[in-house]
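# Structural features, examined
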Amino acid sequence: MERCMQPVGVFDSGVGGISVLRELVKQMPGEDFIYFGDSVHAPYGTRPLDEVKKLTIDNVGFLLENGAKSIVVACNTATSAAVARLREMYPLVPLVGIEPAIKPAVLYKNNSCIVVMATPMTLKQEKFQKLMHQYDDMADIVPLPCPGLMEFVEHGILYGEELEKYIIKLLNPVKNKNINSIVLGCTHYPFVKSVIQKIAGSQVMVFDGGEGTAREMKRRLLEAGLLNNNKKKGSVKFINSLNTEEELKLCQFLLEYESR
Ligand code: DGL
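Basis of the calculations
- Residues numbered from 1 in each chain as written.
- Predicted model: local features only at pLDDT ≥ 70, side-chain atom pairs only at ≥ 80, totals over all residues.
- Heavy atoms only, no water.
- Helix = DSSP H or I, 4+ residues; strand = E, 2+ residues; numbered from the N terminus.
- Rg over C-alpha atoms; globule rule 2.2 N^0.38 Å.
- Buried < 20%, exposed > 50% of the residue type's maximum accessible area, 1.4 Å probe, protein only.
- Areas by Shrake-Rupley, 256 points an atom, 1.4 Å probe, with all protein chains shown as cover.
- Lys, Arg positive; Asp, Glu negative; His and termini not counted.
- Charge placed at Lys NZ, Arg CZ, Asp CG, Glu CD.
- Phe/Tyr/Trp six-rings, centres within 6.5 Å; stacked < 30°, edge-to-face > 60°.
- Core = buried A, V, L, I, M, F, W, Y, C linked by side-chain atoms within 4.5 Å.
- Contact = heavy atoms within 4.5 Å.
- Near = heavy atom within 4 Å.
- Polar contact = N/O pair within 3.5 Å; in protein donor to acceptor, adjacent residues only side chain to side chain.
- Nonpolar A, V, L, I, M, F, W, Y, C, P; charged D, E, K, R; others polar.

Of the regular secondary structure elements, the chain holds 11 helices and 9 strands. Compactness check: the chain gives a C-alpha radius of gyration of 18 Å against a globular reference of 18 Å for 260 residues, within 12% of the reference. C-alpha extents for the chain along the principal axes are approximately 55 × 40 × 40 Å. A buried classification covers 53% of the 260 residues belonging to the chain. Carbon and sulfur atoms form 52% of the exposed surface of the chain, whose accessible area is close to 12300 Å². Taking the 30 positively charged and 30 negatively charged side chains of the chain as two groups, their mean positions are separated by 4 Å.

Put into structure tokens, the structure is as follows:
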């Protein structure tokens with residue numbers, strides 16, 4: 001098979017990366033995609049760093065063995081833990097990670113207060129600390145660890161009272177701040193964006209990194225001459241380490257889900 005015809009590999013600790021996959025499909029409808037969700041080991045964000053590194057490296061190996069021509073690390077946690085190592089291991093593979101979309105939030109409004117919701121691991125890593133300090137004089141950036149939030153999405157809970165109560169509790173430490181923007185620094189959170197927006201208020205802009213990540217993958221494929229010029233609609237193949245019928249149904253559902 002010609003290399004450009006091979007699929008784009010995408011993975012996450014679970015189903016969250018499907019929020020990035022949706023953008024990839026929108027921007028590159030002719031591509032085929034393989035999506036791997038490691039729901040057996042989710043969440044990654046509260047595991048030791050070495051374990052997440054190893055799981056991430058294994059996931060990339062698995063996608064490449066399955067014929068992926070390029071890799072999207074659709075997980076902020078895995079990106080912060082292992083993207084540098086992956087780049088050393090696979091210098092010839094177009095590989096794109098995701099990081100919290102702080103830049104568009106900073107550009108949106110001068111001197112604003114920006115809350116970054118993400119996993120404890122993402123916020124602890126040097127990669128995030130560096131990113132945040134780049135904008136020190138332009139915005140008040142407040143990291144907000146959100147342990148437990150991705151589990152709602154893993155269980156297919158995207159709205160409802162229990163989730164609302166949980167998000168109110170998570171936002172409690174920042175409730176007295178004059179928040180201008182919230183950055184969703186975990187790929188699971190766009191699926192509960194409407195609940196976050198409802199609690200934060202309509203005056204708050206909510207950003208996520210899915211669209212920018214998809215744009216970057218497209219650019220990298222073009223540059224490498226690997227974009228699939230197929231005029232037909234491409235396919236999406238889901239593989240989940242839980243390997244149950246329900247899990248695959250949830251993946252399909254999330255691919256088509258429009259946050260209310
Ligand atoms: N979806 C992942 C992220 O973007 C992480 C969730 C987790 O496994 O803790 O960070």
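A separate point is the packing of aromatic side chains. Here the structure, examined in full by the defined rule, presents 5 aromatic pairs. Measuring from centroid to centroid gives 5.1 Å for Phe 152 and Tyr 166, while their planes differ by 50°, and the two rings are tilted. Taken as a pair, Phe 152 in helix α7 (residues 149–154) and Tyr 166 in helix α8 (residues 161–171) lie far apart in primary sequence, 14 residues in all. The exposure class of Phe 152 is buried, given its relative accessible area of 9%. Its relative accessible area of 24% is what places Tyr 166 among the partly exposed residues.

Let's shift gears to the nonpolar core. Within the largest apolar cluster, 51 residues are counted, with the highest numbers of intra-cluster contacts made by Val 10, Ile 18, Leu 24, Met 117, Leu 149 and Ile 182. Excluding anything up to four places from it in sequence, Met 117 contacts Leu 144, Cys 146, Leu 149, Leu 171, Ile 182, Val 183, Leu 184, Gly 185, Cys 186, Tyr 189 and Ile 196. Grouped together as the second largest cluster of nonpolar side chains are 20 residues, Tyr 44, Leu 55, Ile 71 and Ala 81 included.

The next thing to look at is unusual backbone geometry. Following Ala 42, the chain continues to Pro 43 via a peptide bond in cis, the omega torsion being 0°. Structurally, Pro 43 can be placed in the loop between β2 (33–37) and α2 (49–65). Notably, Asn 111 is not glycine yet its phi reads approximately 50°, a positive angle. Mapped onto the secondary structure, Asn 111 falls in the loop between α4 (102–108) and β5 (112–118). Notably, Asn 243 is not glycine yet its phi reads approximately 55°, a positive angle. Classification of Asn 243 as exposed rests on a relative accessible area of 62%.

Neighbouring residues of the ligand: 13 residues in total, closest Ser 13, Tyr 44, Gly 45, Thr 77 and His 188. The separation between a nitrogen atom of the ligand and a polar side-chain atom of Asp 12 is 3.0 Å. The contact in question runs from an oxygen atom of the ligand to an N or O atom on the backbone of Tyr 44, over 2.6 Å. Class assignment for the residues of the shell around the ligand results in 5 nonpolar, 7 polar and 1 charged.

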